[in-house]
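Structural overview
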Amino acid sequence: MKKKIAIIGSTGSIGTQALEVTDVLKDSFEIIALAAGENIELISYQIEKYKPLYVSVKNEKDAEILQKKFPNISVLCGEEGLITIAALKETDLLLVAVSGKNGLKPTITAVKNKKNVALANKETLVMAGELVMKLAKENNVNIIPVDSEHSAIFQCLNNRNNAKYLIITSSGGPFLNASKSEIENANLSKVLSHPRWNMGKKITVDSATLMNKGLEVIEAHHLFNFPYSNIKVVVHPQSYMHSAVEYKDGSIIAQIGIPSMHIPIQYALTWPERTEGIETNSFDFIKAGKLEFYEPDYEKFPSLRLAIEAGMRGATFPVCLNAANEEAVLAFLDNKIKFKNIYGITKSVLDEYQPVFNPTIDDILEEDKKVRELTKSIIKAEMK
Ligand code: NDP
Ligand code: MG
């Protein structure tokens, strides 16, 4: 029987690669629903190709146009559209591949409706990891990681009780060998030229500051229920070892392969099975040559420490970190602030922040909104 899937964020980097995986595994998957933001040309093409029953887009106007063009499907819009798709009784699995905070509510909705979630959107766990994992447990559903490092750990962690350390690798991003001043004065095109991965703009900027790695530490803390003191970050520029687990007896089990997001995406979609699929080339150890490992440079990449510290402080500190960082990244992408100010602004917002302890989802959403407004006002003042 085909697995029935819904993909939110189908027009993005992860979403399009997920559809490429299903193209190869046509007999395994049926696309029930797709959701996108504003790329109407691509979602139209996807509707024609995959014939989903439901589609959602960000804006009402676009939804009206699509509904006229495709009268046989249900076209929804906005946050409500994402939530409706997340709750569809027809689906077996929801792939959450939207960017930023848009992933949180649909993930919670899917979990409450007892659907397994393939989760690419790390912001969901950064904002509300404790609540989401608790809900998943209560509803007996699985959160299957798509992020390559977390997919690697998911594959290596077969005995949680005997595992000692999670070892998360980082490529080091585009500025691995740059000086501090080169990094501080980097322009947009340098920041967006990631050496290993072709991703959406927000995560690409986070990969240049190493904020992404900090967010991933928080993500791993929640997904695998590991204390921060037992999560290590290691720079591995070749990106062949995607992460590892060290066990009590000293054994380390690592996941290695070509650096392609198709592999973790496919594993999340086919889990618990493994099948032949989109990547057919074997990893060539001989051609790969040297695999190098370094300690991260927290001086050059202070965002990494800032994120881990926010995670360790708990409460709604990670909500604040995530919101302030995302607003600062958007401002950088809009040419409103310099690259170095992403860290400066995020830190200054965190320094003044009064958290909410034991937050509910509503508290989290409220804090997220508050922090975004504050961050935007700081950005406005900086621009003057
Ligand atoms: P992209 O920016 O490439 O894609 C984002 C997707 O979300 C697009 O389909 C976009 O639609 C959609 N979207 C944005 N806003 C809305 C909205 N308001 N309503 C509905 N859809 C919306 O991002 P990535 O694919 O790179 O990343 C997605 C998530 O996966 C992120 O959380 C990221 O951290 C995570 N991730 C990504 C990796 C990667 O390799 N790319 C690796 C690991 C994790 P549209 O384009 O139509 O506007
Ligand atoms: Mg990753």
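Summary of the structure given here. What you are looking at is a predicted structure, and each value in this text was computed from that prediction instead of being measured. Here the residue numbering is sequential within each chain, running from 1 through the sequence in written order. Both sets of labels track the order of writing: A upward for chains, 1 upward for ligands. Local features in this predicted model are restricted to residues of pLDDT 70 or higher, and side-chain atom pairs are both shown and tallied only at a pLDDT of 80 or more, whereas totals for entire chains, interfaces and linings draw on every residue. For side-chain calculations, the full set of non-hydrogen atoms in the structure is used, while hydrogens and water are omitted.

**Re the overall build of the chain**
Starting at the N terminus, helices and strands are each numbered in turn, a helix being any DSSP run of H or I of at least four residues and a strand any DSSP run of E of at least two. Looking only at helices and strands, the chain has 17 helices and eleven strands in total. Our radius of gyration looks at C-alpha atoms and nothing else; its globule reference is 2.2 Å times the residue count to the power 0.38. For a compact globule of 384 residues, the expected C-alpha radius of gyration is about 21 Å, and the chain comes in at 20 Å, within 12% of that figure. With the principal axes as the frame, the chain shows a C-alpha extent of 55 × 55 × 40 Å. Each residue is placed in one exposure class: buried if its accessible area under a 1.4 Å probe, protein chains only, is under 20% of its type's maximum, exposed if it is over 50%, and partly exposed if it falls in between. Looking at the 384 residues of the chain, the share that counts as buried comes to 55%. We call two residues contacting when some pair of their heavy atoms lies within 4.5 Å. For the chain, contacts bridging at least 24 residues in sequence account for 68% of all contacts bridging at least 6. For accessible areas, the Shrake-Rupley method is used with a probe of radius 1.4 Å. Any residue's cover is judged against the shown protein chains and nothing else. Put simply, the chain shows about 18000 Å² of open surface, and 49% of that area lies on carbon and sulfur atoms. His is not counted, nor are the chain ends; Lys and Arg add positive charge and Asp and Glu add negative charge. The location of each charge is read from NZ of Lys, CZ of Arg, CG of Asp or CD of Glu. Of the charged side chains in the chain, 45 are positive and 47 negative, and the gap between their average positions amounts to 0 Å.

**As for the site of ligand 1**
In the region of ligand 1, 25 residues are neighbours, and T11, S13, E38, E123 and G200 sit closest. In protein, a polar contact means a hydrogen-donor-capable atom and an acceptor-capable atom, both N or O and within 3.5 Å, with residues adjacent in sequence counting only if both atoms are side-chain atoms; elsewhere, any N or O pair within 3.5 Å suffices. Backbone polar atom of G37 to an oxygen atom of ligand 1: 2.9 Å apart, as the coordinates give it. For the shell around ligand 1, the secondary structure elements donating two or more residues are α1 (13–24) and α6 (122–138). When residues are grouped by polarity, Ala, Val, Leu, Ile, Met, Phe, Trp, Tyr, Cys and Pro land in nonpolar, Asp, Glu, Lys and Arg in charged, and all others, Gly among them, in polar. When the residues that make up the shell around ligand 1 are grouped by side-chain class, the tally is nine nonpolar, eleven polar and five charged. Residues are labelled near a given molecule or strand when at least one of their non-hydrogen atoms is within 4 Å of it.

**Section: the coordination of the magnesium ion (ligand 2)**
Donor atoms: N, O and S within 2.8 Å of the metal, or within 3.2 Å for Na, K and Ca. Because water is excluded, sites can look incomplete. Taken together, D147 (OD), E149 (OE) and E216 (OE) make up the full set of protein donors to the magnesium ion (ligand 2), lying 2.1 to 2.2 Å away. Of note, the magnesium ion (ligand 2) draws all its donor residues from one chain, in the sequence arrangement D-x1-E-x66-E. Taken together, the residues E149 in helix α7 (residues 148–156) and E216 in helix α11 (residues 211–224) connect sequence positions 67 residues apart. A relative accessible area of 8% means that E149 is categorised as buried. By relative accessible area, E216 is classed as buried at 1%.

**Digging into the pairing of strand β6 (residues 116–119)**
Of the strand pairs in this sheet, strand β5 (residues 93–96) and β6 are connected by four bridges, and their pairing is parallel. The partner of L93 across the bridge, within β6, is N116. Note on handedness: a crossover is taken as right-handed if, strands pointing away from the viewer, the path from the first strand over the helix to the second is clockwise. In this fold, the crossover linking β5 to β6 by way of helix α5 (residues 104–112) has right-handed handedness. Handedness of the crossover is the feature at issue here: the chain leaves β6, passes through α6, returns alongside strand β7 (residues 143–145), and the resulting connection is right-handed. A pair of strands is considered paired only if DSSP assigns at least 2 bridges between the two.

**So, a nonpolar patch on the surface**
In this analysis, a patch consists of residues with relative accessible area above 30% that form no salt bridge, clustered at 9 Å for like charges and at 5 Å for the nonpolar side chains Val, Leu, Ile, Met, Phe, Trp and Tyr. Whenever Lys or Arg places a side-chain nitrogen within 4 Å of a carboxyl oxygen from Asp or Glu, that contact is recorded as a salt bridge. On the surface, a cluster of nonpolar side chains totalling about 350 Å² of accessible area is made up of I256, F285 and I286. Among the secondary structure elements, I256 is positioned in strand β11 (residues 252–256). The class for I256 is partly exposed, based on a relative accessible area of 36%.

**Some thoughts on the pattern of salt bridges**
Under the counting rule described, the total for this entry stands at 16 salt bridges. A salt bridge links K370 to E367; the nearest nitrogen and oxygen atoms lie 3.0 Å apart. Here the residue K370 and the residue E367 both occupy positions in helix α17 (residues 361–383), the gap between them amounting to three residues, near one helical turn. K370 gets classed as partly exposed once you look at its relative accessible area, which sits at 44%. The class for E367 is buried, based on a relative accessible area of 4%. Among the ionic pairs, D368 bridges to R372, the shortest N-O distance being 2.9 Å.

**Points about α7**
Most of α7 sits inside the fold, with seven of its nine residues counted as buried. Among all positions of α7, only S148, E149, H150, S151, A152, I153 and C156 are buried.

**Observations regarding the packing of helix α14 (residues 302–313) against helix α16 (residues 339–352)**
One can describe the packing of α14 onto α16 by two numbers: an axis separation of 10 Å at closest approach and a directional angle of 25°. Considered as vectors, α14 and α16 are oriented roughly parallel to each other. Relative to α16, the crossing made by α14 is left-handed. Touching P302, S303, L306 and A310 of α14 are Y343, T346, K347 and L350, all from α16. Of the residues contributing to the contact of α14 with α16, the split by class is five nonpolar, two polar and one charged. Axis definition: a line fit to C-alpha positions, over the contact stretch in the case of helices; interaxial angles, taken between N-to-C directions, run 0 to 180 degrees. By the definition adopted for this analysis, an angle is roughly parallel if under 35 degrees, roughly antiparallel if over 145, roughly perpendicular if from 65 to 115, and oblique otherwise. Each crossing is labelled by how the near helix is turned from the far one, with a counterclockwise turn of less than a right angle marking it left-handed and a clockwise turn marking it right-handed.

**Considering the sheet that holds β7**
Pairing is parallel across the open sheet formed by seven strands, whose spatial order is β4-β3-β2-β1-β5-β6-β7. Looking at the sheet topology across the chains shown, the edges are occupied by β4 (74–77) and β7. Within the sheet, the average angular offset between the axes of one strand and its neighbour, ignoring direction, is 25°. As judged from the four bridges shared by strand β1 (residues 3–8) and β5, these two strands associate in the parallel manner. Bridge pairing in β5 places I8 opposite V96.

**Considerations on α11**
An ideal rise of 1.5 Å per residue puts 20 Å on 14 residues; α11 measures up with 20 Å between its terminal C-alpha atoms. Here α11 lies mainly inside the structure; 14 of its 14 residues are buried. Just downstream of α11 lies N225, where phi reads positive at about 55°. To estimate the expected span of a helix, subtract one from its residue number and multiply by 1.5 Å.

The analysis is restricted to geometry; functional conclusions fall outside its scope.
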